[in-house]
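Descriptive structure summary
The primary structure of each chain is shown beneath.
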Amino acid sequence: MHKLATNYWDKTMEVSAKKDNSRIEWVVGSCRDYFFRSCLLNMFREKDDKVMKAIDEQFSYKHKPYQVEKVKLLDVGSCYNPFSVFEDFDVTAIDIAPAQESVRYCDFLEVPLNESSSSMSSESIEALAKSFFDAVVFSLLLEYLPSSDQRLKCCKKAYDVLKPEGILLIITPDSRHQGANAKLMKNWRYTLGLMGFSRIKIEKLEHVTCMVFRKSLFPEVSERWCKIHKEGYMEPVLSIPQDFNNPGMEVDGGNSGTLREERTEQDMSEIKQMFDGLPLGDDDMNE
Ligand SMILES: C[S@@+](CC[C@H](N)C(=O)[O-])C[C@H]1O[C@@H](n2cnc3c(N)ncnc32)[C@H](O)[C@@H]1O
């Protein structure tokens, strides 16, 4: 899996990619912009305060500075711990099939959450602490989970282990042209918004879409976005393009009133190529 991730995904998914087109660099750069370089955290804090004022003109809140020396990052489905080389990050790497010693065994869907502290050995994690991490990363993870409910459970867990104002970074395979999966991505924004996450960044790199969601101090902020922007096709599910393969139910990805999007033969072959070597057979792709 490690070989696959570094030799195959880094070279094939990001074919002719510049260095800054890599998903790992993208995550690192986004965290640095948010917590250190441009301190975007403060900008989004101000934006949230404005929304709260719009909801209630009496609103007032005295913020404390968000302290971060090293970004406490939880890499879920880490496989080979790609973030361990960055010195400004304090990484907890977990996977159900660790490919390196520094990655601890942990099934994120099942691991219990503690109010105060994590419980772990050098090899595995028995419990994770709530409100502990500055950042949680799902890089090519959600596609491993076969149902929307499992993906939702995963995102809700990320919400619980993040500190208020922490960020969830999601990288998802997407070989289609920019905008082709726009509706799906907007529905993710809606669904995660209902959970209390505000999407603060989305970028399409070659073969992947990358997103940052902020856990606001005030869930009312994202709830308000959901109320204002709800469209007919939106529903609280986390679908991925691979979920839609029944030709009778597919329609265009642009203006129709449904989430389902047509997949061309080229899409199918690209998806298969992307997952080539992973424990997925043709039947899994077509289920
Ligand atoms: C496609 S790999 C992604 C590897 C790496 N994050 C990257 O971007 O190259 C997905 C990883 O998720 C792991 N995984 C799947 N379900 C998981 C779960 N419930 N908890 C933790 N890891 C999981 C798999 O074992 C696999 O290593």
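Quick note: structure is the one above.
Figured I'd write up the structure that's included with this text. All values derive from a computational prediction rather than experimental measurement. (Residues numbered from 1 in each chain as written. Predicted model: local features only at pLDDT ≥ 70, side-chain atom pairs only at ≥ 80, totals over all residues.)

1. Some points on helix α3 (residues 40-55)
For α3, which comprises 16 residues, the first-to-last C-alpha distance of 23 Å matches the rise-based estimate of 22 Å (1.5 Å per residue) to within 8%. Taken residue by residue, α3 has Leu 41, Asp 48 and Met 52 as its buried positions. Seen along its axis, α3 keeps its buried residues to an arc of 40 degrees; they face one direction. Seen from the open side of α3, the exposed residues pointing more than 90 degrees away from its buried face are Met 43, Glu 46, Lys 50 and Ala 54. Looking at the buried positions of α3, the neighbouring elements they touch are α2 (23-35), β8 (162-173) and α6 (219-229). (Helix = DSSP H or I, 4+ residues; strand = E, 2+ residues; numbered from the N terminus. Expected span 1.5 Å × (residues − 1). Buried ≥ 20, exposed ≤ 12 C-beta atoms within 10 Å, placed from the backbone. Arc of directions from axis to C-beta. Contact = placed C-beta atoms within 7 Å.)

2. Quick word on unusual backbone geometry
Its identity as a non-glycine residue notwithstanding, Leu 140 has a phi of 60 degrees, on the positive side. Among the structural elements, Leu 140 can be located in the loop between β7 (133-139) and α4 (148-161). For Leu 140, a count of 20 C-beta atoms within 10 Å gives the class buried. Despite not being glycine, His 207 has its phi angle at roughly 75 degrees, a positive value. By the element assignment, His 207 lies in the loop between β9 (197-205) and β10 (208-215). The class for His 207 is buried, based on 20 C-beta atoms found within 10 Å.

3. Examining the pairing of β10
The buried fraction of β10 amounts to seven of the eight residues, a majority that puts the element mostly inside the structure. Bridge count for β8 against β10 is seven bridges, and the pairing is antiparallel. Each bridged residue has a counterpart across the sheet, and for Ile 171 the counterpart in β10 is Cys 210. What sits between the antiparallel neighbours β9 and β10 is a turn of two residues, in which His 207 has the positive phi angle 75 degrees. (Pairing = 2+ DSSP bridges.)

4. Description of the sheet that holds β7
Taken together, seven strands build an open sheet; the order of strands is β3-β2-β1-β7-β8-β10-β9 and the sheet is mixed. Pairing within the sheet leaves two strands with one partner each, and these edge strands are β3 (104-105) and β9. Taken together, the four bridges between strand β1 (residues 71-76) and β7 define a ladder with parallel strand orientation. Bridge pairing in β7 links Asp 75 to Val 137.

5. Quick look at the nonpolar core
Counting 49 residues, the largest nonpolar core has Ala 135, Val 136 and Leu 168 as the members making the most contacts within it. Secondary structure elements with two or more residues in this core: α2, β1, β2 (89-95), β7, α4, β8, α5 (182-195) and β10. (Core = buried A, V, L, I, M, F, W, Y, C linked by C-beta atoms within 7 Å.)

Interpretation note: all reported values are geometric properties and have no functional meaning in isolation.
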